[in-house]
Amino acid sequence: MGWFTEYWTDYVKLSVRIKKHVFSKETKYQKIDIYDSYEFGRFMALDGYIMLTERDEFIYHEMIAHLPMNANPAIRKVLVIGGGDGGTVRELLRYPDVVVDMVEIDEEVVRVCREYLPLTAHAFDNPRVHLMFADGIEYVEKAEKTYDLIIVDSTDPSGPGLSLYKNEFYKNCQRLLSDEGIFINQHESPYFDDTRASMRDIHRKLKPLFPIATIYQAFIPTYPSGHWLFGYASKKTHPEFRGDEKLLASFKLKYYNKEVHQAAFALPNYVREGL
Ligand code: SPD
């Protein structure tokens, strides 16, 4: 079979040799493709951009979920916006007292992941997840609940994900967060011009809204440049590790640990300057 190619810039692309193009569909919101590959196992692309692969999804999902859970182990009520593959929810549910409201705009993404990516989507069978198919923007605008953690596990800032990078959305998330609550979002890459501009834009919108607003990093082979960022914001909770190391060890994670938590905030100089 041929190659799947994702353009990272006009001059740089990632090509993955594929065994099979398993599924393709244009939904109301985006194009969903599932491929089987030699190097990364099965993977899903939305509008031509890789969202997750079976081989490296653990890095993104462990870092987006366990880092806030171990900065504030009292987190119980979580809101996930996006996250239709189930990977983020799978990691959150390792904590026995956590309950999750998840708001995904595209029901078809969940259906497809249930069928083709059970590695992550099996999490949706857990009764502690309340899955809603709705627009995340409208949900946070109307919601009256308080959350201890809000995770925005979205696509890049284009297509249906674009409004999840707007001021109004961030303000509503801030309103829904408890005082000790934590807001986490996927934050693009610091390396290439376009993604660096997004990184700066997101950070500059969050900073005035939260007394604590910072960034942490992980290394994800299939995302542009491999160097990926997450936003961390809170009214009161600094991002120190306060977790239960015994509980964490029992999860047998592949990427996240106490030392990774601490080191993830040590940003290279060019990233600091880029902010
Ligand atoms: N360029 C890819 C950015 C994707 C971020 N979201 C991934 C969703 C995985 N749950």
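Anyway, here's the lowdown on the structure attached to this text. Here the structure is a predicted model, which means the values were calculated and not measured.

The next point concerns the site of the ligand. In the region of the ligand, the neighbouring residues are Ile-50, Met-51, Tyr-60, His-61, Asp-85, Asp-153, Ser-154, Asp-156, Gln-186, Tyr-223, Pro-224 and Trp-228. Tyr-60 places a polar side-chain atom, nitrogen or oxygen, 3.2 Å from a nitrogen atom of the ligand. Separating a nitrogen atom of the ligand from a side-chain N or O atom of Asp-85 is a distance of 2.6 Å. Protein chains shield 98% of the accessible area of the ligand, which is 340 Å² for the free molecule. Broken down by secondary-structure element, the contributors of at least two residues to the shell around the ligand are strand E5 (49-53) and helix H1 (57-71). Considering only residue class, the shell around the ligand consists of six nonpolar, three polar and three charged.

For the rest of this paragraph, the subject is the environment of Phe-251. Relative to the elements of secondary structure, Phe-251 occurs in helix H8 (residues 245-251). Looking at Phe-251, the relative accessible area reads 11%, which means it is buried. Every residue in contact with Phe-251, bar those within four places of it in the chain, is listed here: His-66, Arg-94 and Tyr-95.

Our next topic: the sheet that holds strand E3 (residues 31-37). What the five strands build is an open sheet, ordered E1-E2-E3-E4-E5; its pairing is antiparallel. Either end of the sheet is taken by a strand with one partner, and the two such strands are strand E1 (3-7) and E5. This sheet shows a mean twist of 45° between the axes of neighbouring strands, independent of strand direction. Lying on the sheet, helix H3 (residues 107-116) is in contact with strand E2 (13-26), E3 and strand E4 (42-46); it crosses E2 at an angle near 105°.

Taken in spatial order, the seven strands line up as E8-E7-E6-E9-E10-E12-E11 in an open sheet, and their pairing is mixed. What marks the edges here is a single partner per strand, and that holds for strand E8 (129-133) and strand E11 (212-219). Along the sheet, successive strands turn relative to each other by an average axial angle of 15°, direction set aside. Examined bridge by bridge, strand E10 (residues 177-186) and strand E12 (residues 227-234) share five bridges and lie antiparallel to one another. Along E12, the bridge assignment pairs Gln-186 with Phe-230.

Conventions used here
Residues numbered from 1 in each chain as written. Predicted model: local features only at pLDDT ≥ 70, side-chain atom pairs only at ≥ 80, totals over all residues. Heavy atoms only, no water. Near = heavy atom within 4 Å. Polar contact = N/O pair within 3.5 Å; in protein donor to acceptor, adjacent residues only side chain to side chain. Areas by Shrake-Rupley, 256 points an atom, 1.4 Å probe, with all protein chains shown as cover. Helix = DSSP H or I, 4+ residues; strand = E, 2+ residues; numbered from the N terminus. Nonpolar A, V, L, I, M, F, W, Y, C, P; charged D, E, K, R; others polar. Buried < 20%, exposed > 50% of the residue type's maximum accessible area, 1.4 Å probe, protein only. Contact = heavy atoms within 4.5 Å. Pairing = 2+ DSSP bridges. Axes fitted to C-alpha atoms, helices over the stretch in contact; angles between N-to-C directions.

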